[in-house]
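# Structural features, examined
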Amino acid sequence: RCETCSEEEAKYRCPRCMRYSCSLLCVKKHKLALSCNGVRDKTAFVSVNEFTDLNLLSDYRFLEDVGRTADAAARYPTMHSPATKKLLYCLRNKARKCNIDLRTLPVGFTKRRENSTTFNFTEKKFYWHLKLVFPHCHAEYVLKGVPDDKTLTDILKPYIDPVETDPVVCQRLKIYTMSPQSDVQILMKIENRKQNSVRYNELDASRSLLDNLKGKIIIEYPTLFVVLKTLKNDIVVLGQDASEPAQNSDGESSSLSSVEDGEIRDGS
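The rules behind the values
- Residues numbered from 1 in each chain as written.
- Predicted model: local features only at pLDDT ≥ 70, side-chain atom pairs only at ≥ 80, totals over all residues.
- Heavy atoms only, no water.
- UniProt positions renumbered as here; feature names shortened; annotations may be inferred.
- Patch = residues over 30% accessible without salt bridge, like charges linked within 9 Å, V, L, I, M, F, W, Y side chains within 5 Å.
- Areas by Shrake-Rupley, 256 points an atom, 1.4 Å probe, with all protein chains shown as cover.
- Salt bridge = Lys/Arg side-chain N within 4 Å of Asp/Glu carboxyl O.
- Helix = DSSP H or I, 4+ residues; strand = E, 2+ residues; numbered from the N terminus.
- Buried < 20%, exposed > 50% of the residue type's maximum accessible area, 1.4 Å probe, protein only.
- Arc of directions from axis to C-beta.
- Contact = heavy atoms within 4.5 Å.
- Pairing = 2+ DSSP bridges.

Named according to an unreviewed UniProt entry, the chain is Box C/D snoRNA protein 1 originating from Chlamydotis macqueenii. As stated in UniProt under Function (unreviewed entry), the record for the chain gives "Required for box C/D snoRNAs accumulation involved in snoRNA processing, snoRNA transport to the nucleolus and ribosome biogenesis." Taken verbatim from the UniProt record of the chain, the Sequence similarities (unreviewed entry) comment is "Belongs to the BCD1 family."

Below is the structure:
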């Protein structure tokens, strides 16, 4: 049966998420509901028992594609133009004046290509490229042109507010929209830490995006993790681990109560 409408016999299977569909309409619906692009994940895990010559050939072609993409990026003139370098220098300089350590990646990296963050000299504020991750629903959303004076509460309203949320988004993030606002916790990964010591800073939803980014290291653009306090997870918030002090936006330390130790990776 079709996994979207549950009425007709399935005719198609999505190469990306392996869901069955009966028609083009259901294919489009499942892509919209699950943010699925329908493209096979060439880096998906394959166990040794299931690994075949076809998988080996796929890996070989994937490595060839990576080589061609990296070579093309290195040859692309606009990425190395003086205007581009000047723009990146300006962004880092403006961020530094706001007490934000903004770092950019080399040409060819995915985050470098997709970053759309700009600075408006007339309004004297950033318009950020922002990624929202909802780990409990395995959902991600990308926002472009988010003004730095907008509060995190307003940024999240179209996603977790049961009144203002789009019906499709509301259904996908149902566990968030049905939870009280006091249960929502916004976290951001602390950069430049060892892989076995991943930690997160808790952000203040009532404050602006700019205020929350002050004193933080940002690689290309901010990625915010929206979690629910009542659900068990392996995220460790700095300052809520007894062995480490908390750190506020000004870099000062304070102590908080301890919670269960663990970690989460964002796959970047």
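## Focus: a nonpolar patch on the surface
A cluster of nonpolar side chains, namely Val46, Phe51 and Leu56, defines an oily patch on the protein surface of about 240 Å² accessible area. Its location among the elements puts valine 46 in the loop between α1 (24-34) and α2 (53-75). Looking at valine 46, the relative accessible area reads 31%, which means it is partly exposed.

## Describing α1
The complete set of buried residues in α1 reads Cys26, Val27 and His30. On an axial view of α1, the arc spanned by its buried residues comes to 105 degrees, and they lie on one face. Every exposed residue of α1 that faces more than 90 degrees away from the buried side is listed here: Leu24, Leu25, Lys28 and Leu32. Against β1 (12-13) and β2 (20-21) lie the buried residues of α1.

## As for the pattern of salt bridges
Applying the stated criterion to the full structure yields nine salt bridges. Note that glutamate 220 and arginine 112 form a salt bridge whose closest N and O atoms lie 2.7 Å from each other. Residue glutamate 220 is located in the loop between β9 (217-219) and β10 (223-228), and its partner arginine 112 is located in helix α4 (residues 110-114); the two are separated by 108 residues in the primary sequence.

## Here's the deal with the pairing of strand β5 (residues 125-134)
By the criterion of burial, β5 is predominantly enclosed, with nine of the 10 residues buried. As judged from the three bridges shared by strand β4 (residues 118-120) and β5, these two strands associate in the antiparallel manner. Bridge assignment links threonine 118 to a residue of β5, and that residue is tyrosine 127. The antiparallel hairpin formed by β4 and β5 contains four residues in its connecting segment, where lysine 124 sits at a positive phi of about 55 degrees. Across seven bridges, β5 lies against strand β6 (residues 139-147) in antiparallel orientation. Of the residues in β6, the one forming a bridge with lysine 131 is valine 142.

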